[in-house]
Number of protein chains: 2
Amino acid sequence: MSEKVKKRTLISDIASHLGVSIATVSLVLNGKAKQSRISDAVAARVLAYVQEVGYKPNQLAKSLRTGKTHVIGLVVEDIANPFFSTVAALIERQAFERGYRIIYCSTNNDPARARELISMFQERHVDGYLVVPAEGIEEQIAEIMQEKTPLVVFDRYLPELATNYVVVDGAQGTHAAARHLLEQGFSNLAFVTTSSAQTQMQARLDGYRQAMQEHGLPETVKQVAVGQDAETVITDILSFIRDNRQCDAIIFSTNYLSIYGLEAIGRLGLRIPDDLAMVSYDDHDLFRLYTPAITVIAQPVEAIAKNVIDILLEELKNCAGEAPRPVQQVLLPPTLVVRQSSLRQPAGAARKARKQEAAS
Amino acid sequence: MSEKVKKRTLISDIASHLGVSIATVSLVLNGKAKQSRISDAVAARVLAYVQEVGYKPNQLAKSLRTGKTHVIGLVVEDIANPFFSTVAALIERQAFERGYRIIYCSTNNDPARARELISMFQERHVDGYLVVPAEGIEEQIAEIMQEKTPLVVFDRYLPELATNYVVVDGAQGTHAAARHLLEQGFSNLAFVTTSSAQTQMQARLDGYRQAMQEHGLPETVKQVAVGQDAETVITDILSFIRDNRQCDAIIFSTNYLSIYGLEAIGRLGLRIPDDLAMVSYDDHDLFRLYTPAITVIAQPVEAIAKNVIDILLEELKNCAGEAPRPVQQVLLPPTLVVRQSSLRQPAGAARKARKQEAAS
DNA sequence: TTGAAAGCGCTAACAC
DNA sequence: GTGTTAGCGCTTTCAA
């Protein structure tokens, strides 16, 4: 009376059905038929039957035996952030094409969570790690390196550790944005960033500071505390803008701060760029389509994904060779995408410029 | 001369170091010390030593033995789409808290890719599946069901298959949007959707059709072919709008079509809502902050994530019991979030309304 | 050419 | 209370 649950086919089922040994089936399945001089006829029979019954080798058993899982652990800050989800999607695609799968998790910049995630990846024996490191996880990263598991860190790096990394030159990006604003005639630039000590945030701040110093201009910096709720951040930025009306332009150090900033500017009833010019980090549909369109320091997401995965796969290949691989550290240039939000121009010109962009 | 690679600690190392048996260590580690009447002293010694050397059981071996991986396979359409990345982030968090990990992949609505992904999840013996089904993967889904592996489908469902699912009432959403537009005095509504036959798209279209029929109004529907590049879609929508100037409002069936639509409307130099009102599916920073703010039919992302994971975990728990679990099919209501893009109002009022929303 | 068999690291009967 | 041991499903060496 009991439902017969269809049992999963095993390699032994294949072997016994075909009257050959398990080893033969395994060899054929792993493309080692030729080198083991298994007859073409047998190989063909095996392949045909495997196809017929839809046999899928148990990767758990395979991994346990071979020590390879063909899984890459991807740790990002927040998969719901368009920057990370875009990079993740690109990484996923490239990894998939080369036979690797991704397990991903978001840390939300919580070091405890990051540690848990890395620990879980270790337990599952991922073949390699791709990590956007939260602060305070140096120890876990060091452990991965000591195990000699391939690792590439990106978006930011850990100064104390000589890991492979792929980051974007934030100092250059902010510096270019500041220069652009000054060229446009804005003279009092503010910089809104987070209180984080992460390298990418520090670099972006440094670019601003350097530009201000070069021009002998005062620095007006707002560091928003991390981990607060949206409303708090918005009112925080709003107060900052209101208290610094001498500023005629703001650079935001990351996409979500800009989004909160747009809210704050809207509530204050200020017009962009006439009352306040702005530049954001990271491109985003919102910035492209907003009226006025927002000038951004765009990070090269494709290049980030490509470099990250290339370096990791290279290490994965070399793993057996145990060659003393030099550490790969890549610094990619960002691109300043100038739109209306940072242009000093006569009223009405904005609309015309918009049309031009559309026509191009 | 060779670098001594620190060997991973094994359960046998723990046992021999402590002078107890492997079984004792295993039992303690799995919280079965009490029921196996292992002395508290021994249990404490084991735990202390495990802690000290940072022993991490090999989950591959454990899974191979127990048949449980504590991994959930999540298949979405596109992780870079904010709707999916938001739901994924929420699902991930809840799953993590309950001891499950996520492997995710994007199908990009390609059935071949979806099949590959599901096949890969089968090989890796995920404990359960969460799937946004691409068209044409009924067979793979049926296979999962036959294996009796827990499965929840979401965002859309497969009409031929009696799976658990969690979807949003798209007909109701579009119907409400249409009624709202008509109440505002717009009288000629267009609907822009994809050529996809997926249930959620059909439901959204049905809601529009029904509303039009109820009011004896003509239907003006544009079905954009799926899988085209951005520029083609934009010009396609642009032509549609230009050829249908009698329409004074458009409802877009999904977030990315709206984004393309905003581009097209911008290029045509039309003002929203005066020249053309609009409503989009899915909420998004862009829609909230755009000027004018865009009215949306918001999907309840938290509720989707919660229902999806609750149903799956329930099944996971029942798995051993093999109780004849009834299929869970959940239909969640969307919410119409009215903003300026759909309001018929005197010029200048929009700005005021904006401030009101901010104040609330 | 093919088959037998020894593990990969862990769990959980079942002895003692 | 604790130890022994038979697998989970697969790969791969070595013998036939």
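So, how was this worked out
- Residues numbered from 1 in each chain as written.
- Chains lettered and ligands numbered in written order.
- Predicted model: local features only at pLDDT ≥ 70, side-chain atom pairs only at ≥ 80, totals over all residues.
- Heavy atoms only, no water.
- Helix = DSSP H or I, 4+ residues; strand = E, 2+ residues; numbered from the N terminus.
- Contact = heavy atoms within 4.5 Å.
- Buried area = accessible area lost by both parts, 1.4 Å probe.
- Polar contact = N/O pair within 3.5 Å; in protein donor to acceptor, adjacent residues only side chain to side chain.
- Nonpolar A, V, L, I, M, F, W, Y, C, P; charged D, E, K, R; others polar.
- Pairing = 2+ DSSP bridges.
- Axes fitted to C-alpha atoms, helices over the stretch in contact; angles between N-to-C directions.
- Near = heavy atom within 4 Å.

As recorded in an unreviewed UniProt entry, chain A goes by Substrate-binding domain-containing protein and comes from Hymenobacter mellowenesis.

S.K.: Help me understand the environment of Val-76 of chain B, please; the structure alone is not making it clear to me.
M.R.: Residue and element names in this part refer to chain B. By secondary structure assignment, the location of Val-76 is in strand E1 (residues 71-76). Taking the C-alpha atoms as reference, Val-76 lies 34 Å from Asn-244; in sequence the two are 168 residues apart. Aside from chain neighbours lying at most four places away, what touches Val-76 is Phe-84, Cys-105, Ser-106, Thr-107, Val-132 and Phe-154.

S.K.: What is the right way to look at the interface of chain A and chain B in this model?
M.R.: It is common to report an interface's size as the accessible area lost on association of the parts. Listed per partner, the contact involves 59 residues of chain A and 60 residues of chain B. Counting the surface lost from both chain A and chain B, the interface buries some 5,700 Å², and carbon and sulfur atoms represent 57% of this. Summed over the shared surface of chain A and chain B, the number is twelve residue pairs in polar contact (both at pLDDT 80 or more). Of all the secondary structure elements, the ones that give two or more residues to the side of chain A that touches chain B are helix H4 (59-66), helix H5 (82-97), strand E2 (101-106), helix H6 (111-123), helix H7 (138-146), helix H11 (255-268), helix H12 (285-289) and helix H14 (349-359) of chain A. A per-class count over the side of chain A that touches chain B returns 23 nonpolar, 17 polar and 19 charged.

S.K.: Could you clarify how one ought to interpret the sheet that holds strand E10 (residues 295-298) of chain B in this entry?
M.R.: Strand pairing in a sheet relies on backbone hydrogen bonds, with the paired strands running either antiparallel or parallel. All names here are of chain B. Taken together, the six strands give an open sheet; going across it, the order is E7-E6-E8-E9-E10-E12, and neighbouring strands pair in mixed fashion. Each of the sheet's edge strands pairs with one partner strand only, and the pair in question is strand E7 (220-224) and strand E12 (335-337). In this sheet, neighbouring strand axes are inclined to one another by 20° on average, regardless of whether the strands run parallel or antiparallel. Bridge analysis of E10 against E12 gives three bridges, and the strand direction is antiparallel. Paired with Ala-298 across the bridge in E12 is Thr-335. In this fold helix H8 (residues 170-183) packs onto strand E6 (189-194), strand E8 (249-252), strand E9 (277-281), E10 and E12, with an angle of close to 165° to the strand it touches most, E9. Against the sheet, helix H11 (residues 255-268) makes contact with E6, E7, E8 and E9, and its axis sits at roughly 155° relative to E9, the strand it touches most.

S.K.: Teacher, can you tell me more about the protein's contact with DNA strand C here?
M.R.: Taken together, 26 residues are adjacent to DNA strand C, and Ser-21, Arg-37 and Arg-65 of chain A together with Tyr-55 and Arg-65 of chain B come closest. Backbone sugar and phosphate groups make up 69% of those atoms of DNA strand C lying within 4 Å of the protein. Contact distances for DNA strand C include 3.0 Å between a phosphate oxygen and a side-chain N or O atom of Ser-26 of chain B. Within the backbone of Ala-61 of chain B, an N or O atom sits 3.2 Å from a base nitrogen of DNA strand C. Mapped by element, the contributors of at least two residues to the surface near DNA strand C are helix H2 (22-29) and H4 of chain A together with helix H2 (22-29) and helix H4 (59-66) of chain B. When residues of the surface near DNA strand C are assigned to their parent elements, the largest contribution, four residues, is made by H4 of chain B. In the surface near DNA strand C, the residues fall into twelve nonpolar, nine polar and five charged.

S.K.: Explain the sheet that holds strand E8 (residues 249-252) of chain A here, please?
M.R.: Residue and element names in this part refer to chain A. Strands sit in the order E7-E6-E8-E9-E10-E12 across an open sheet of six strands; the sheet is mixed. Edge positions in the sheet fall to strand E7 (220-224) and strand E12 (335-337), since each has one partner strand and no second. Strand-to-strand twist in this sheet, taken as the mean axis angle between neighbours without regard to direction, amounts to 20°. Relative to E7, strand E6 (residues 189-194) runs parallel, the two being bridged by five bridges. Bridging from a neighbouring strand, Phe-191 pairs with Val-221 of E7. Sitting on the sheet, helix H8 (residues 170-183) is in contact with E6, E8, strand E9 (277-281), strand E10 (295-298) and E12, with an inclination near 165° to E9. Each of E6, E7, E8 and E9 touches H11; the most contacted strand, E9, lies at about 155° to it.

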